[in-house]
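# Residue-level structure breakdown
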Amino acid sequence: MSAIIDFCGPWWPWVRMLLFLVGTAAFAGLNAAYLVWCERKIAAFVQRRPGPMEVGPQGLLQPIADAAKLLAKQMLTPPAVDTILYRIAPVAMIIPALMCFVVLPYGDALMPTRIDLGLLVVFALSAFNVISLMLAGWSSNNKYAIISSARVVSQNVAYEIPMLLTIVTVILVTGTTDLGTIVGQQGGWFWNWNILRGIWTLANPLVPISFLIFFICMLAETNRAPFDLAEAESELVAGSFTEYSSMGFGLFFMAEYVNIVVGCSLATVIFLGGWQTGLGNLLSFLPDWAAAFVGLGAFFAKLYAMIFVVMWIRWTFPRTQFYGLLNLSWKVLIPVALFTLLLSSILVKLPNLF
Amino acid sequence: MSSSVLLPLAEVTPLPGSTYIIPALFLFFFATTVAGALVAVAAQRIIRGVCGLAVCCLGLAGLYYFLNSPFLALMELLIYVGAVCVTIIFAVMLAEPDEPAPTGSLPRRLCGAAATVVVAGAIFWSLARLGVFGRWPTLALDTRDWSVQKIGVELLTTYSFAFEAISLVLLVAILGALAIARSGRHNA
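Quick notes on the rules
- Note on numbering: residues in each chain are counted from 1, in written sequence order.
- For naming, the first written chain is A and the first written ligand is 1, with later ones following in the order written.
- Confidence filtering applies because this is a predicted model: local features only for residues at pLDDT of at least 70, side-chain atom pairs given and counted only at 80 or more, and all residues used for totals across whole chains, interfaces and linings.
- Water and hydrogen atoms were dropped before computing side-chain values, which therefore reflect all heavy atoms in the structure.
- By definition, any uninterrupted DSSP run of H or I lasting at least four residues is a helix, any uninterrupted run of E lasting at least two residues is a strand, and each is numbered from the N terminus.
- Under the scheme applied here, a residue whose accessible area is under 20% of the maximum for its type counts as buried, over 50% as exposed, and between as partly exposed, the area being computed with a 1.4 Å probe on protein chains only.
- When checking whether two residues touch, look at their non-hydrogen atoms; a contact exists if any pair is within 4.5 Å.
- Surface exposure here means Shrake-Rupley accessible area, sampled with a 1.4 Å probe, where a residue is shielded only by the protein chains that are shown.
- The size measure is the radius of gyration over C-alpha atoms, and the globule rule it meets is 2.2 Å times the number of residues to the 0.38 power.
- A residue counts as positive if it is Lys or Arg and as negative if it is Asp or Glu; His and the chain ends are not included.
- A charged residue contributes its charge at one atom only: NZ of Lys, CZ of Arg, CG of Asp or CD of Glu.
- A pairing counts as a salt bridge when a side-chain nitrogen of Lys or Arg comes within 4 Å of a carboxyl oxygen of Asp or Glu.
- In this text, buried Ala, Val, Leu, Ile, Met, Phe, Trp, Tyr and Cys residues form a nonpolar core when linked through side-chain atoms within 4.5 Å.
- By convention here, the domain bounds are inherited from an automatic or database domain assignment.
- Take the accessible area each of two parts loses on contact, using a 1.4 Å probe, and add the two losses: that sum is the buried area.
- In protein, a polar contact means a hydrogen-donor-capable atom and an acceptor-capable atom, both N or O and within 3.5 Å, with residues adjacent in sequence counting only if both atoms are side-chain atoms; elsewhere, any N or O pair within 3.5 Å suffices.

### A look at the overall build of chain B
- Across its full length, chain B holds seven helices and zero strands.
- Ordered by position from the N terminus, the helices and strands of chain B form the series α-α-α-α-α-α-α.
- Every one of the 188 residues in chain B was classed for burial, and the buried ones make up 20%.
- Considering only contacts in chain B between residues 6 or more positions apart, those separated by 24 or more positions represent 50%.
- For chain B, the computed accessible surface area is about 14000 Å², with 73% contributed by carbon and sulfur atoms.

Rendered as structure tokens:
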């Protein structure tokens, strides 16, 4: 590593930027492709069938074949659509999703940029998610798509609120929005992770509930089952994506999985200690480079465990009804999130009073 | 290791032509703001107008970043693109799908257009004049530090009255929405 840095000399920051650019794009693309394969395999396991088996061993080349098929199909623009918005929507969906990786830290040295406002960058970029899905639905000039985009908006507006309230609760405990520092605070044993630390330091004993709220909101924000009313296949064909073909549809599909990866990475960073192994100083005999790899492994273990739970939920929970969805947010999640916020702010200020 | 990996950008060898990158980015954001604003006012269909507004907010966020205020830039995206534009589009979706064709005779519409141009021109001229020649109050705080911490402390000390007044307006709006929603469901 240091040999490469020396070789590049003063050009290293630019080389590093390029490496991160390529690496992020590859990571996002491969994740999108192979999470589809995982999703199919998990679905097959739940439904007691083998899943994709034909292309490659265990169907491992299936995502490549799917990508080739999507790329080779014709980009159809139906005559009645609003052409400009129809073409902009999938691009406006994928770009902010990919940009989130700029601030997500995957290791001590594996963060493209480290800025004070990392957490806010992710939320500011995820704001484009709703507007692009909605534009896709509206510009398609299709009744199913319009119903879908109306659902997307009310769902995302409803779930954005408890999500941001939970995040504010966590920021009160961590005192920073820099994702690198947030992970750094959670070093040592696993009870130092934010999800458990609040309990024994009495900073906020309800952090596990905050984590649950964050997870539910993430499912709703990424339009995953049981909250996938926006693309409810049995009612709305494919919702906002009905009129899209070829990579127009492919980009939406990619963006969905990239958003899941971003959401689960964020949950890992904020609540589960990021790249910290949680094993205290048991691993301190490892040299630096090995520790970095172990950290990356710990991050991916947590990340993919969460993604597995997301898929598991999709194939075992039935889709909720729309009123159930909105009631859950407005009548359960928001009051509970407000209460945890209140409790957290009281507990933060309480020691200063005495 | 991390210190050698993350060099501060000031010590970085500039790429050839990088002195043009920053002005080019500034011009890009400026052009985005103006183009978005033009689309917002000139679009025939209201959804396109809202998209123009979103693009305009995106450009504004970039300009805020150039004013050394990344926090404000991110808030511009989070609130104006993520909440305000979405709410406007949602309201439009609940209304008629297509705008009705303009009514009234041609001379009457032309009179309306002329009156609009006069009023808008007067507002623009007075604002521009105020901006260029007006005497601006001196800054209460002469500082370059616009970190989140600084903004938070200022909002809760120096500007706490304005802050509370704005939250009162929001509270009234929320209460009004609740009052309407509460009686509306039983009547329907």
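### Structural notes on the overall build of chain A
- Summing up its helical and strand segments, chain A has 13 helices and zero strands in all.
- Listing the helices and strands of chain A from first to last along the sequence gives α-α-α-α-α-α-α-α-α-α-α-α-α.
- Its C-alpha atoms give chain A a radius of gyration of 21 Å, near enough to 20 Å, the size a compact globule of 354 residues would have.
- Dimensions of chain A, computed from C-alpha atoms along their principal axes, come out at roughly 65 × 55 × 45 Å.
- Put simply, 78% of the contacts in chain A that link residues at least 6 apart link residues at least 24 apart.
- Looking at charge distribution, chain A has the averaged site of its 18 positive side-chain charges lying 6 Å from that of its 17 negative ones.

### A look at the pattern of salt bridges
All names here are of chain A.
- Applying the stated criterion to the full structure yields two salt bridges over all chains.
- One salt bridge connects Arg-314 with Glu-39, and the closest N-O pair in it is separated by 3.9 Å. One end of the pair, Arg-314, is in helix H12 (residues 288-316); the other, Glu-39, is in helix H2 (residues 12-46), with 275 residues separating them in the sequence.
- The closest approach of N and O atoms between Arg-40 and Asp-66, which form a salt bridge, is 3.4 Å. Of this pair, Arg-40 sits in helix H2 while Asp-66 sits in helix H3 (residues 62-72); the two residues are 26 residues apart in sequence, bridging distant segments of the chain.
- The partly exposed category is assigned to Arg-40, whose relative accessible area is 33%.

### Here we look at the nonpolar core
Residue and element names in this part refer to chain A.
- Counting residues in each nonpolar core, the largest one holds 111 residues, and the members touching the most others are Leu-266 and Phe-271.
- In terms of residues, this core owes the most to one element, helix H5 (residues 118-139), which gives 15 residues.
- A domain split of this core shows at least three residues from each of domain 1 (1-72) and domain 2 (76-353).
- For Leu-266, the residues in contact, after removing those within four places along its chain, are Leu-104, Leu-119, Val-122, Phe-123, Leu-179 and Phe-214.

### Quick notes on the interface of chain A and chain B
- Taken together, the contact between chain A and chain B spans 29 residues of the former and 29 residues of the latter.
- In this assembly, chain A packs against chain B so that about 3000 Å² is buried in total across both faces, 84% of it on carbon and sulfur atoms.
- Together, Trp-14, Leu-117 and Trp-138 of chain A form the three largest contributors to the area buried by chain A at its contact with chain B, with a combined 19%.
- Across the contact surface, chain A and chain B share zero salt bridges.
- Seen at the junction of chain A and chain B, the total is zero residue pairs in polar contact (both at pLDDT 80 or more).
- Taken together, the elements giving at least two residues each to the side of chain A that touches chain B come down to H2, H5 and helix H6 (143-174) of chain A.

Treat this as a map of the structure, not an account of what it does.
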